Amino acid sequence: MKSQHKRQKTYDELVKRIADSYHNGDLVGVSINKVDRTNCDPKIMPCLIEKRLENKNAPTFSLVSPYGRLSVPFPVHQLIPMAGVKPTELTDLDFENLQTITLVQASKLFARGNPAATCDCKTRCVKRTCPCRRASIACSTKCHARLGKCLNMEE
């Protein structure tokens, strides 16, 4: 029991040290679940830390994605530190008029651009009847898996 208490204390100190390294406005990444993306889509969505929330166990962070304020706060172990230049989608945000969005919605918007546009066309997606072509995006692997030779695929 003594050994377990010592390990827990060491872990808590590490989490606190990592949490103290994050500040408001820092660029961090959030992992996108593979259900919400294709094999070719990005695996990490960049976000900005809006504010730090203190909890009794460990601090959590309120994040802002390129598409809105994420509805749930994230603990330290779910944040991926990102260095470098902030994306223009995040630098030009108006924090006053941001809508609240779930992580799943933000992930789909980031990975696909328009999550509603998928198709199950039986043709080769050459006409505007294809929802993907109508939305001016390329078909992805989430579209018609049985169809080969789709003409609306990115090359």
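Residues numbered from 1 in each chain as written. Predicted model: local features only at pLDDT ≥ 70, side-chain atom pairs only at ≥ 80, totals over all residues. Heavy atoms only, no water.

Q: What is the right way to look at the overall build of the protein in this model?
A: Of the regular secondary structure elements, the protein holds four helices and seven strands. For the protein, whose C-alpha radius of gyration is 20 Å, the value lies well above the compact-globule estimate of 15 Å for 155 residues. Seen through its principal axes, the protein has C-alpha atoms that stretch 65 × 40 × 25 Å. Out of the 155 residues belonging to the protein, those deemed buried represent 34%. Within the protein, contacts between residues at least 6 apart in sequence are counted, and of these 53% link residues at least 24 apart. Summing over all exposed atoms, the protein offers an accessible surface of approximately 10,400 Å²; the carbon and sulfur share of this is 53%. Taking the 25 positively charged and 15 negatively charged side chains of the protein as two groups, their mean positions are separated by 10 Å. (Helix = DSSP H or I, 4+ residues; strand = E, 2+ residues; numbered from the N terminus. Rg over C-alpha atoms; globule rule 2.2 N^0.38 Å. Buried < 20%, exposed > 50% of the residue type's maximum accessible area, 1.4 Å probe, protein only. Contact = heavy atoms within 4.5 Å. Areas by Shrake-Rupley, 256 points an atom, 1.4 Å probe, with all protein chains shown as cover. Lys, Arg positive; Asp, Glu negative; His and termini not counted. Charge placed at Lys NZ, Arg CZ, Asp CG, Glu CD.)

Q: Whenever I open this one, the packing of aromatic side chains confuses me. Can you help?
A: Two aromatic rings are characterised by how far apart their centres lie and by the angle between their planes. Tallying each qualifying case throughout the model produces one aromatic pair. Ring geometry for Y22 and F61: centres 5.7 Å apart, planes at 80°, overall edge-to-face. With Y22 in the loop between α1 (2–21) and β1 (27–31) and F61 in strand β3 (residues 60–65), this pair connects stretches of sequence that are 39 residues apart. A residue is classified by how much of its surface remains accessible, and Y22, at 10% relative accessible area, is buried. (Phe/Tyr/Trp six-rings, centres within 6.5 Å; stacked < 30°, edge-to-face > 60°.)

Q: Honestly, the pairing of strand β2 (residues 44–53) in this entry has me stumped. Any pointers?
A: Consecutive side chains along a regular strand alternate between the two faces of the sheet. For β1 and β2, the ladder comprises five bridges, and the chain directions are antiparallel. Paired with S31 across the bridge in β2 is I44. Bridge analysis of β2 against β3 gives five bridges, and the strand direction is antiparallel. Residue L53 lies in a different strand from β3, and its bridge partner there is T60. (Pairing = 2+ DSSP bridges.)

Q: I'm lost on the side chain of T60 in this one. Help?
A: Mapped onto the elements, T60 comes out in strand β3. The exposure class of T60 is buried, given its relative accessible area of 9%. In this structure T60 touches K51, R52, L53, N55, P73, F74 and P75, once residues within four positions along its chain are discounted.

Q: What am I meant to see in the environment of V35 here?
A: Position of V35 relative to the elements: it lies in the loop between β1 and β2. When its relative accessible area of 62% is taken as the criterion, V35 is described as exposed. V35 sits 73 residues away from K108 along the chain, and the two C-alpha atoms are 9.5 Å apart.

Q: Hey, could you run me through the layout of surface pockets in this one?
A: The rolling of a water-molecule-sized probe over the atoms marks out the regions of remaining empty space. Put simply, the largest pocket is a space of about 160 Å³. In terms of residues, the lining of the largest pocket owes the most to one element, α1, which gives four residues. Of the residues belonging to the lining of the largest pocket, the class tally is six nonpolar, two polar and four charged. (1 Å grid on protein atoms, 1.4 Å probe; cavity = no way out; pocket = protein on both sides within 12 Å on 5 of 7 lines; lining within 4 Å. Points joined across faces, edges and corners; volume = space filled by probe spheres on them. Nonpolar A, V, L, I, M, F, W, Y, C, P; charged D, E, K, R; others polar.)

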